[in-house]
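# Observations on chain architecture
What follows is the residue order along each chain.
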Amino acid sequence: MSLPAVLSKTPLHALHLELGAKMVPFAGYEMPVNYPGGIIAEHKHCRESAALFDVSHMGQVRLSGDHAAAALETLVPVDVAGLTVGKQRYGFFTNASGGILDDLMITRREHDLLLIVNAACKAADITHLITNIGHRCTVQPLPDRALLALQGPKAVDALRRLNPEVATLTFMTGKSLPLAGADCYVTRSGYTGEDGFEISVPAADAEALARSLLAMSEVRPVGLGARDTLRLEAGLCLYGHDINDKTTPVEAGLTWAIQKVRRAGGARHGGYPGAAVIDAQLATGPSNKRVGLLGLERLPVREGAVLVDALGHKLGHVTSGTLAPSVNQPIAMAYLASNHALPHHEVFAEVRGKRQPMRVAPTPFVPHRYVRG
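We now turn to the structure provided with this report. (Residues numbered from 1 in each chain as written. Predicted model: local features only at pLDDT ≥ 70, side-chain atom pairs only at ≥ 80, totals over all residues. Heavy atoms only, no water.)

### Here we look at unusual backbone geometry
The peptide bond linking threonine 363 to proline 364 adopts the cis configuration, its omega dihedral lying at 5°. By the secondary structure assignment, proline 364 is in the segment after β19 (354-361). Positive phi outside glycine occurs at alanine 27, with the angle close to 50°. Its location among the elements puts alanine 27 in the loop between β1 (22-26) and β2 (29-34). For alanine 27, a relative accessible area of 32% corresponds to the partly exposed category. Look at histidine 344: it is not a glycine, yet its phi comes out positive at around 70°. As for its placement among the helices and strands, histidine 344 is situated in the loop between β17 (329-337) and β18 (346-351). (Helix = DSSP H or I, 4+ residues; strand = E, 2+ residues; numbered from the N terminus. Buried < 20%, exposed > 50% of the residue type's maximum accessible area, 1.4 Å probe, protein only.)

### Details of helix α4 (residues 122-133)
With twelve residues, α4 should cover 16 Å at 1.5 Å per step; its first-to-last C-alpha distance of 16 Å lies within 8% of that length. Within α4, burial applies to Lys122, Asp125, Ile126, His128, Leu129 and Ile133. All buried residues of α4 fall inside an arc of 155° around its axis, so they share one side. For α4, the exposed residues set more than 90 degrees away from the buried face come down to Ala123, Ala124 and Thr131. (Expected span 1.5 Å × (residues − 1). Arc of directions from axis to C-beta.)

### Comments concerning the nonpolar core
For soluble globular proteins, the rule of thumb is that nonpolar side chains tend to be buried together. Ranked by size, the top nonpolar core spans 36 residues in total, and within it Phe53, Tyr90, Phe92, Ile243 and Leu254 carry the most contacts. Residue assignment for this core shows that the elements contributing at least two residues are β3 (50-54), β5 (88-94), β6 (100-108), β7 (113-117), β9 (145-151), α7 (224-233) and α8 (275-284). When sequence neighbours within four positions are dropped, the list of residues in contact with phenylalanine 92 reads Leu75, Val76, Pro77, Val78, Ile100, Asp102, Asp103, Leu104, Pro249, Leu254, Ala257 and Ile258. (Core = buried A, V, L, I, M, F, W, Y, C linked by side-chain atoms within 4.5 Å. Contact = heavy atoms within 4.5 Å.)

### Overview of the sheet that holds strand β15 (residues 306-308)
Pairing in this closed barrel of six strands is antiparallel, and the strands run β14-β17-β16-β15-β18-β19 around the ring. Pairs of neighbouring strands in the sheet enclose a mean axial angle of 45°, with direction left out of account. Pairing geometry for strand β16 (residues 314-324) and β17, over eight bridges, is antiparallel. The partner of glycine 321 across the bridge, within β17, is alanine 332. (Pairing = 2+ DSSP bridges. Axes fitted to C-alpha atoms, helices over the stretch in contact; angles between N-to-C directions.)

### A few points about the pattern of salt bridges
Across all of its chains, the model carries 20 salt bridges by this definition. Here aspartate 79 makes a salt bridge to arginine 89, at a shortest N to O gap of 3.4 Å. Separated by ten residues along the polypeptide, aspartate 79 in the loop between α3 (68-72) and β5 and arginine 89 in strand β5 bring together distant segments of the chain. In this structure aspartate 79 comes out as buried when scored by relative accessible area, which is 11%. The salt bridge involving glutamate 194 is made with arginine 369; its shortest N-O contact spans 2.9 Å. One end of the pair, glutamate 194, is in the loop between β11 (182-187) and β12 (196-202); the other, arginine 369, is in the segment after β19, and 175 residues separate them in sequence. Residue arginine 369 is classed as partly exposed on the basis of its relative accessible area of 41%. (Salt bridge = Lys/Arg side-chain N within 4 Å of Asp/Glu carboxyl O.)

### Considerations on the packing of aromatic side chains
How two aromatic rings sit relative to each other is set out by the distance from centre to centre and by the angle between their planes. In total, this model carries three aromatic pairs according to the counting rule given. Geometrically, the ring pair formed by tyrosine 90 and phenylalanine 92 is edge-to-face, given 5.9 Å between the ring centres and 75° between the ring planes. Assigned by exposure class, tyrosine 90 and phenylalanine 92 land together as buried. Pairing phenylalanine 171 with tyrosine 370 gives two aromatic rings, centres 3.9 Å apart and planes at 5°, and the pair type is stacked. Highlighted residues: phenylalanine 171 in the loop between α5 (155-159) and β10 (174-179) and tyrosine 370 in the segment after β19, separated in sequence by 199 residues. Its relative accessible area of 17% is what places tyrosine 370 among the buried residues. The structure contains a cluster of three or more aromatic residues connected by ring pairs, namely Tyr90, Phe92 and Trp256. Directly above the aromatic system of tyrosine 185 lies the positively charged group of arginine 109, at a separation of 5.0 Å from the ring centroid. (Phe/Tyr/Trp six-rings, centres within 6.5 Å; stacked < 30°, edge-to-face > 60°. Lys NZ or Arg CZ within 6 Å of the ring centre and 35° of its normal.)

Next up, the structure:
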């Protein structure tokens, strides 16, 4: 009988317990799914005020050296070389068939590139980086740094009390700033659809910073449960669910993240794994597409539900679904055959032997409220 793997803990673990969090295993870590107020209250608090998330389980990696940007472009279909200091981009590692190995955030800092990768993929991502580009640049994992996300319309009011300069940042920009005596790197970004910030902080200073923020009237702790419902309402993909190594960025509707310079005909096109597959799909369109779905009845439709037409022919499957607190009806993301992935097209989800009617809907389900300056 094999023993269960020992779960890792973030630097805020003791604080989560003190705050009464319900802890669950997630990506090899013991993480808070919610606090005593519950997921719906936490979700609404983020939409109305300021929510503090512990996302320290995610991987932080520093790439440095004169050729770091060019080297990274051999692994991602993203314009890294064109990033100016303080600018951030969303990207993804691809495999030879154009599938997504992981999605990540890339920020150009003064002397390096800062990558934020998903917790479940970080060991594989670091190996991927070292194996493929470790001879061209320095790949340095940063396990001694924690990551906090402060999200919601009042996030800026709270954070500016610790340093007024945070208010000068706009969406997808970042800078080094001291917060509560800690040497932090702050980006104005996040995964809720709300305005907000992600704060890379030395692990030793993370708890003090979290306590400084939680002392403010706007700020409450929020767990992974609400983080999932928030990102789903915002139409944002979750790796391992809505995107994986079998889905291409074109099928996933992420072509906005492939800049013109990296596409066929662009000055630095191709040169990354699966480029031929992705270029071909960009030219002709994929056979399957990620779509948003709105449930026409009250029953939530969960991940894995099969989607069929009125005659019962299979059309696709649901990758994420919930009863959305802000929308007050069931929402889902799914992959559908492209000829059915049309606005307002109706399909049926098979739930416990019954067919639930759903309608293809644009995402995000709730408008993004990023501060673009």
